[in-house]
Amino acid sequence: MFYPFEMEQYLETLLGERDPLLREMEEQALRETIPVVTPMVGNFLNLLVHMSKAQAVLEVGTAIGYSTIWLARAAKETGGHVTTIDMNKDRLFRAQEYIKRAELTNHVTALEGDARKILKTLDSMFDFVFIDAAKGEYLEYLNLIYPLISPGGLLVVDNVLFRGWVVPGSSFASKYDRMVGGLRQFLQELSSNSDFSTTVLPFGDGVSVSRRIDT
Ligand SMILES: C[S@@+](CC[C@H](N)C(=O)[O-])C[C@H]1O[C@@H](n2cnc3c(N)ncnc32)[C@H](O)[C@@H]1O
């Protein structure tokens, strides 16, 4: 966390009480150290889907479906649909169970497999894409997703500041060199791509928000 933990805790209180299903998932993720988005990022995703009135939503990295539920609850109200991809069969199965319990089955399609393969097979466009899978693969996802984002569509990416270590001058263990370097390169390419208008928000673990400029 690169800002005071007390601030995160305080801001979380402003979200109000989450429902028991989300709380259960948060506790489960904590117990198993499954890195799910923070409640504030989940709420932000929900807000963005609502505000953009997104119809076709794509998520790369489902895990147990925590962020999927935040996205799908908004998609249910916009009349939209979430397609979510994860290569971990067990996690995806558990995500589907949670999605059932959230009564969102009709609003989510879960695809199992390596996103780098699946993305090549998708032939429809998406107006909201959320990336939250392997940090070392972000550049690959970006190149594969780029043609799938509708003009005016949004691309949101989690963990882009990775514990703040992406900020030059930070100190971290050398085993993270590749990941941090990859994320720096990803942010550089995304922010210099003139087809996107991008901002990076320093909350959660760093969230980038880009809008594909209409052409
Ligand atoms: C950070 S977790 C996703 C958390 C989830 N978005 C949430 O906030 O609830 C990352 C997930 O990406 C999946 N993943 C990693 N690399 C992948 C790939 N190449 N294709 C598909 N899934 C991948 C992992 O199996 C893992 O479940």
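Here, the structure is the one placed above.
Residues numbered from 1 in each chain as written. Predicted model: local features only at pLDDT ≥ 70, side-chain atom pairs only at ≥ 80, totals over all residues. Heavy atoms only, no water.

K.L.:
It is not clear to me how the overall build of the protein chain should be interpreted in this structure. Could you clarify?
P.N.:
A tally of regular secondary structure across the protein chain gives eight helices and seven strands. In summary, the protein chain has a C-alpha radius of gyration of 16 Å against a globular reference of 17 Å for 215 residues, a match within 12%. On the principal axes, the C-alpha backbone points of the protein chain span a range of 45 × 45 × 30 Å. Put simply, the protein chain has 215 residues, and 49% of those count as buried. Taking the intrachain contacts of the protein chain between residues at least 6 apart in sequence as the baseline, contacts between residues at least 24 apart amount to 72%. Total accessible area on the protein chain is roughly 10,700 Å²; 53% of this is exposed by carbon and sulfur atoms. (Helix = DSSP H or I, 4+ residues; strand = E, 2+ residues; numbered from the N terminus. Rg over C-alpha atoms; globule rule 2.2 N^0.38 Å. Buried < 20%, exposed > 50% of the residue type's maximum accessible area, 1.4 Å probe, protein only. Contact = heavy atoms within 4.5 Å. Areas by Shrake-Rupley, 256 points an atom, 1.4 Å probe, with all protein chains shown as cover.)

K.L.:
When you look at the pattern of salt bridges in this model, what are you seeing that I'm missing?
P.N.:
Opposite charge on two side chains lets them pair, provided their charged atoms get close. Per the stated rule, a full pass over the model turns up 13 salt bridges. In this structure, Arg73 and Asp19 form a salt bridge, with 2.6 Å as the shortest nitrogen-oxygen distance. Here Arg73 is found in helix 4 (residues 66-78), whereas its partner Asp19 is found in the loop between helix 1 (5-14) and helix 2 (20-31), with 54 residues between them in sequence. On the basis of relative accessible area, Asp19 is assigned to the partly exposed category, the value being 27%. (Salt bridge = Lys/Arg side-chain N within 4 Å of Asp/Glu carboxyl O.)

K.L.:
What is the right way to look at the environment of Phe126 in this model?
P.N.:
On the secondary structure map, Phe126 appears in strand 4 (residues 126-131). A relative accessible area of 5% means that Phe126 is categorised as buried. Each C-alpha atom of the pair Phe126 and Pro151 lies 9.4 Å from the other, and the pair is 25 residues apart in sequence. When sequence neighbours within four positions are dropped, the list of residues in contact with Phe126 reads Ala56, Val57, Leu58, Thr83, Leu148, Ile149 and Ser150.

K.L.:
Please clarify how the packing of helix 2 against helix 4 should be interpreted in this entry.
P.N.:
For any two helices packed against each other, one specifies the inter-axial angle together with the distance between the axes. One way to put it is that helix 2 packs onto helix 4 with a least axis distance of 10 Å and a crossing angle of 155°. Our classification of the angle between helix 2 and helix 4 gives roughly antiparallel. Contacts between helix 2 and helix 4 involve Leu21, Leu22, Met25 and Glu26 from the first element and Tyr66, Ile69, Trp70 and Arg73 from the second. Taken together, the residues of the contact of helix 2 with helix 4 sort by class into six nonpolar, no polar and two charged. (Axes fitted to C-alpha atoms, helices over the stretch in contact; angles between N-to-C directions. Parallel < 35°, antiparallel > 145°, perpendicular 65-115°, else oblique. Nonpolar A, V, L, I, M, F, W, Y, C, P; charged D, E, K, R; others polar.)

K.L.:
In this structure, what is going on with the site of the ligand? I would like to understand it.
P.N.:
The local shell around the ligand holds 22 residues, among which Val37, Gly61, Asp86, Ala115 and Asp132 are the closest. At 2.8 Å from a nitrogen atom of the ligand is found a side-chain nitrogen or oxygen belonging to Ser67. Secondary structure elements with two or more residues in the shell around the ligand: helix 4 and helix 6 (115-121). Its residues assigned to classes, the shell around the ligand shows 10 nonpolar, five polar and seven charged. (Near = heavy atom within 4 Å. Polar contact = N/O pair within 3.5 Å; in protein donor to acceptor, adjacent residues only side chain to side chain.)

K.L.:
Which parts of the structure should I look at to understand the side chain of Glu59?
P.N.:
Its place among the elements puts Glu59 in strand 1 (residues 56-60). Of the buried charged residues, Glu59 lacks a salt bridge, with Lys135 as the closest side chain of opposite charge at 11 Å. Residue contacts for Glu59: discarding those within four places in its chain leaves Ser67, Thr68, Leu71, Thr83, Thr84, Ile85 and Phe130. (Lys, Arg positive; Asp, Glu negative; His and termini not counted.)

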